[in-house]
Every structure is written in C-alpha cells, then in structure tokens.
Amino acid sequence: IHTGGVDNMFPHHEDEIAQSEAVTGKKWVNYWLHCEHLMVDNTKMSKSLGNFYTLRDLLAKGYTGREVRWVLIGTHYRKKLNFSLTALDQARETLGKFSSFFARMKEITAAGDGSEAAAVAEQSENQFRTAIADDLNSAGATAALFTLVREGNRLADAGTLSAAGAAKLLECCRDFDRVFGCLDVDAAPAAEEFPAEV
C-alpha cells in the first residue's frame, strides 16, 4: 500500500515505480491511496502560503489529538477536506456526546441476556465493515457508529436495555475504535460531558 497526494501521481509516483521496479525486478505497489488536498478556509494548505497548522499549534490552542483525528477521518481520503477550528469544536462536542453514551451504557444494571441489543450491534457492525471495505469509506463507517449510539439510547430511554446488551454495544464501539483510534471507550468521562443524544 502506498499513499501520497493526488499532485504526486505524475510524475513522482510513476518515477518511483520505474526506479523501484528496475532495482528489485518486482512489482512496487499493489494499492495506491492518492489523497486529495487538505484545505484551510477553502484554500489548499501549504507552507508557501503560510496557511497551515502544526499539531503543536493545535495542541497549544487546547485541542486534543482525538479531536484532530476525528476531523481528519470525517472525510473520505479521495475528497478535499476543509480543515478549520470550527470543525475541531464540532469534533469536541461529538466526542463528548460519545463519551456520555459510553458512561451511560456502563451504568445500565438491568438483568437480561442482551438479545435486545444484538440486532443493533449486528446491523452497526455490518454497516461499519461494508463501509470500510468500500475504499475506506470513513463517512459510512462513522454513520454506523451514530446508528449504534442512537439505537442504544433509544433502548435505554425505553428501559428495555440490559447490562448484557449495553456491554454488547460497548464492545462494538471498542471494535470500531480499532479503526477510528479516537473514541476512548473506557476513558473516565470528564465532569463537563455533553448530553447523551447524538
């Protein structure tokens, strides 16, 4: 797998193929993931324009790596992403709502075998896997998470969610986070968490 910007497809990546295959006599890359440009305020982010953020800049402004990652995975890699501080603020709110959901699920104590949540978990897992298998469709994958949270909250609101069912939903979220890498399902919630609705 080789990644790179769309602006490097020709001639840079073609040169890489020619040089590497000439030296090794083997196929250089099986899969190319050409990423679109990162935009800032609808202008291509670049050092020459001076319109770029470093991770250090964003951390100094009080944002976290989780929030930056959520913004970056919110758009398919082959589509332009307009990066902004507003998007980071929205990521903070969304991740806060997820954290509240995780905390809520951990507080469920009702008895039951978890079958009430099995269909929700299965549907969300299938939606997630289908999206990831579709050229890393990150928007479809995040939609699966939103579906799981919405349905989990619906079951909890109705009083029909058991502790075993809540555990199944949390396990599904942990599985998703093996790809997302920013949910922190088992982190302690902050005192100022947002409401559970997503």
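No experiment lies behind these values; they were computed from the predicted model shown. Each chain has its residues counted from 1, running along the sequence as written. With pLDDT at 70 or above as the cut-off, local features in this predicted model cover only qualifying residues; side-chain atom pairs require 80 or more to be listed or tallied, and sums for whole chains, interfaces and linings still use all residues. Remark: hydrogens and water are excluded; side-chain values derive from all non-hydrogen atoms of the structure.

On to the overall build of the chain, then. When helices and strands are counted, the chain shows seven helices and five strands. In terms of principal-axis extent, the alpha carbons of the chain reach across some 65 × 40 × 25 Å. Per-residue burial over the chain gives 38% buried out of 198 residues. The contact definition used throughout considers only heavy atoms, calling two residues in contact when any of these lie within 4.5 Å. Considering only contacts within the chain whose residues lie at least 6 apart along the sequence, 75% involve residues at least 24 apart. Residue burial considers only the protein chains on display, and all accessible areas are found by Shrake-Rupley using a 1.4 Å probe. Carbon and sulfur atoms make up 53% of the accessible area of the chain, which totals about 11,300 Å². In the chain, which carries 21 positive and 28 negative side-chain charges, the distance between the mean positions of the two groups comes to 2 Å. Only DSSP runs of H or I with at least four residues qualify as helices, and only runs of E with at least two residues qualify as strands; both kinds are numbered from the N terminus onward. Only protein chains enter the accessibility calculation, which uses a 1.4 Å probe; a residue whose area is less than 20% of its type maximum is buried, one above 50% is exposed, and one in between is partly exposed. Only four residue types enter the tally: Lys and Arg on the positive side, Asp and Glu on the negative side; His and the chain ends are excluded. Think of each charge as sitting on NZ of Lys, CZ of Arg, CG of Asp or CD of Glu.

Remark: nonpolar core denotes a set of buried residues (Ala, Val, Leu, Ile, Met, Phe, Trp, Tyr, Cys) joined through side-chain atoms within 4.5 Å. W70, L145, L148, L161, F180 and L183 are the most contacted members of the largest nonpolar core, which totals 40 residues. With eight residues, helix α4 (residues 85–107) is the single largest residue contributor to this core. With near-sequence residues (within four places) excluded, L161 lies in contact with M105, I108, A110, E116, A117, G152, L155, A156, A166 and L169.

Angles run from 0 to 180 degrees between N-to-C directions of axes, and those axes are lines fitted to C-alpha atoms, restricted for helices to the stretch in contact. Running from N to C, helix α6 (residues 138–158) and helix α7 (residues 163–180) cross one another at 160 degrees; their axes reach a closest spacing of 11 Å. Put simply, α6 runs roughly antiparallel to α7. Classified by chirality, the crossing of α7 by α6 is left-handed. On the side of α6, the interface is formed by A141, T142, A144, L145, L148 and G152, while α7 contributes L169, C172, C173, F176 and F180. Residues are grouped as follows: Ala, Val, Leu, Ile, Met, Phe, Trp, Tyr, Cys and Pro are nonpolar; Asp, Glu, Lys and Arg are charged; every other residue, Gly included, is polar. For the contact of α6 with α7, the per-class residue count stands at nine nonpolar, two polar and no charged. Put simply, angles under 35 degrees are roughly parallel, angles over 145 are roughly antiparallel, angles from 65 to 115 are roughly perpendicular, and the rest are oblique. Here a crossing is taken to be left-handed if its near helix is turned anticlockwise relative to the far helix by less than a right angle, and right-handed if that turn runs clockwise.

Should a side-chain nitrogen of Lys or Arg be within 4 Å of a carboxyl oxygen of Asp or Glu, the pair is scored as a salt bridge. Tallied over the entire structure, the rule returns 14 salt bridges. Linking R154 and E151 is a salt bridge whose minimum nitrogen-to-oxygen distance equals 2.7 Å. With R154 and E151 both in helix α6 and three residues apart, the pair spans about one turn of that helix. Residue classification places R154 among the partly exposed residues on the basis of a relative accessible area of 43%.

On to the sheet that holds strand β3 (residues 38–40). Strands were regarded as paired on the criterion that DSSP finds at least two bridges between them. Here we have three strands laid out as an open sheet, ordered β4-β3-β5, and mixed in their pairing. Every interior strand has two partners, whereas the edge strands, β4 (43–44) and β5 (81–83), have only one.

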